[in-house]
Each structure stands twice: as C-alpha cells, then as structure tokens.
Amino acid sequence: MARKIGKDERVQLLGSIWLFSHCDRKELARISALTTLQTASAGDVLTEQGKPGSECFIVASGTARVDVSGVDAGEIGPGAFFGEMALLDGGPRSATVTALEDMQLLALDRRELDALLDVVPSVGRKMLRVAGQRLREAHDRHSPASG
Ligand code: CMP
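Quick notes on the rules
Residues numbered from 1 in each chain as written. Predicted model: local features only at pLDDT ≥ 70, side-chain atom pairs only at ≥ 80, totals over all residues. Heavy atoms only, no water. Near = heavy atom within 4 Å. Polar contact = N/O pair within 3.5 Å; in protein donor to acceptor, adjacent residues only side chain to side chain. Areas by Shrake-Rupley, 256 points an atom, 1.4 Å probe, with all protein chains shown as cover. Helix = DSSP H or I, 4+ residues; strand = E, 2+ residues; numbered from the N terminus. Nonpolar A, V, L, I, M, F, W, Y, C, P; charged D, E, K, R; others polar. Pairing = 2+ DSSP bridges. Contact = heavy atoms within 4.5 Å. Axes fitted to C-alpha atoms, helices over the stretch in contact; angles between N-to-C directions. Buried < 20%, exposed > 50% of the residue type's maximum accessible area, 1.4 Å probe, protein only. Patch = residues over 30% accessible without salt bridge, like charges linked within 9 Å, V, L, I, M, F, W, Y side chains within 5 Å. Salt bridge = Lys/Arg side-chain N within 4 Å of Asp/Glu carboxyl O. Lys, Arg positive; Asp, Glu negative; His and termini not counted. Charge placed at Lys NZ, Arg CZ, Asp CG, Glu CD. Core = buried A, V, L, I, M, F, W, Y, C linked by side-chain atoms within 4.5 Å. Phe/Tyr/Trp six-rings, centres within 6.5 Å; stacked < 30°, edge-to-face > 60°. Lys NZ or Arg CZ within 6 Å of the ring centre and 35° of its normal.

(A) Seen up close, the site of the ligand. Every one of the 14 residues lining the ligand counts as a neighbour, but Gly83, Glu84, Ala86, Arg93 and Ser94 are closest to it. Taking Ala86, its main chain carries an N or O atom lying 2.9 Å from an oxygen atom of the ligand. A distance of 2.7 Å separates an oxygen atom of the ligand from a polar side-chain atom of Ser94. When the ligand is considered free in solution it has 450 Å² of accessible area, and contact with the protein chains removes 94% of it. Looking at the shell around the ligand element by element, the count peaks at three residues for helix α3 (residues 84-89). Its residues placed into classes, the shell around the ligand shows seven nonpolar, three polar and four charged.

Structure follows, in structure tokens:
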C-alpha cells in the first residue's frame, strides 16, 4: 500500500504537475483544499466506458491503462489527469481506465472542478488542450492519414 501524502507534500506535488505548473503557492493551497486523496489497488476500474461519471482524477502516483472500446489507448501516469470529459459535457465515460498498480489519486467532483476552474481559469485552457490532443489521437486511430 502506498504511503499517504501530507498537506505540504500535496501542495508540492500539485506544483510539480504540468496542469498546475504556473500556479503560485496560494493557488496550489486552494486547489489542494478542493481535492480529495483517494487510493486504488491494481485492477480497480476507475472509470467504465458508457457509464455515468461524477469525478475526475489527477494521478499522484501509480499508473493506469486506458481502453476505448476494448482497444488499448495508452497509459496514464503521475501528473496526468483523466475523467474530466464526463464532467465537462455531462455525457457517459468515453473510456475504461483501470489501475495497473496501487495508485494515489486526487479526486474532484463537478462542483470542485467548477471551483478549481474559477480559481485558476488557465487550468481550463490546459485541460482543453489535452482534450483536443486526445480527440485528435482518437480520430487518427479511427481514420489514419494516408500517405
Ligand atoms: P471520461 O470520459 O470522463 O472518462 C474516461 C477518461 O479517459 C476520459 O474522461 C479521459 O480523461 C480519458 N481518455 C479518454 N480517451 C482517451 C484517450 N484516447 N487517451 C487518453 N485518455 C483518454
């Protein structure tokens, strides 16, 4: 079982995450207060494709696998986030994400994500950038460019 991280360590961890790399300490402390630390064990299904979702997650430690319609869509490791799509558009989960090992996750529900985006709007722009990349990758997988 992974060691539990403390408050200061959580602020430090958040600062090391690309999504929050431009935030100052005060913003990081506010973000930290909005998140809930959760643990997961290897094999735990963190999001299930087609099911509703009420939380998004930032990976503090450990790695998870992403499957879209049974096809491996890669891994998500420390510093990355997932589960934001169902929260942003209210639709079902677009992929199944499964823990490959014990993990520590910072979870945010929709209200907390909204509050986070109010506190640091630039995080929303970064999230959109990642969402755009994921959409493009998914599109390329379905219709690879010829030539
Ligand atoms: P959501 O649809 O809420 O739940 C599943 C999550 O997996 C999704 O949000 C994204 O965060 C993530 N995800 C979906 N598709 C991909 C992909 N192709 N590559 C990486 N992550 C993805």
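(B) Representation of the sheet that holds strand β8 (residues 103-109) within the structure. The antiparallel open sheet is built from four strands, whose spatial order is β1-β8-β3-β6. In this open sheet, the two edge strands, each paired with only one partner strand, are β1 (36-40) and β6 (81-82). Across six bridges, the pairing between strand β3 (residues 55-61) and β8 is antiparallel. Bridged to Ile58 within β8 is Leu106. Sitting on the sheet, helix α1 (residues 7-16) touches β1, β3 and β8, and the angle it makes with β8 is about 85°.

(C) Region of interest: the pairing of β8. Among the seven residues of β8, six are classified as buried, and the element is accordingly described as predominantly covered. The pairing of β1 with β8 spans five bridges and is classified as antiparallel. Bridge pairing in β8 places Thr39 opposite Gln104.

(D) Geometry of unusual backbone geometry. Phi is positive for Ser69, which is not a glycine, with a value near 50°. Of note, Ser69 is situated in the loop between β4 (64-68) and β5 (71-76).

(E) Representation of a negative patch on the surface. Taken together, Asp44, Asp72, Glu75, Glu101 and Asp102 make up a surface patch of like negative charges. Relative to the assigned elements, Asp102 resides in the loop between β7 (96-99) and β8.

(F) The environment of Val68, seen in detail. Within the element layout of this structure, Val68 appears in strand β4. Taking C-alpha positions, Val68 is 37 Å from Arg25, a pair spaced 43 residues apart along the chain. Setting aside residues no more than four positions away along its own chain, Val68 makes contact with Gln49, Ala73, Ser94 and Ala95.

(G) How the structure looks around the nonpolar core. Of all hydrophobic cores here, the largest spans 26 residues; its most connected members are Phe20, Ile31, Leu113, Leu116 and Val123. Broken down by secondary-structure element, the contributors of at least two residues to this core are α1, α2 (25-34), β3, β8, α4 (110-119) and α5 (121-142). Ala40, Leu46, Phe57 and Val97 belong to the second largest nonpolar core, which has 14 residues in total.

(H) Here's a closer look at the packing of aromatic side chains. Taken as a whole and judged by the stated rule, the model has one aromatic pair. Aromatic side chains Phe57 and Phe82 sit 5.2 Å apart centroid to centroid with 25° between the ring planes, which places their arrangement in the stacked category. Of this pair, Phe57 sits in strand β3 while Phe82 is found in strand β6, placing the two residues 25 residues apart along the sequence. A cation sits over an aromatic face here: Lys126 above Trp18, 4.9 Å from the ring centre. Its guanidinium or amino end placed over the ring of Phe81, Arg134 lies 5.1 Å from that ring's centre, counting from NZ or CZ.

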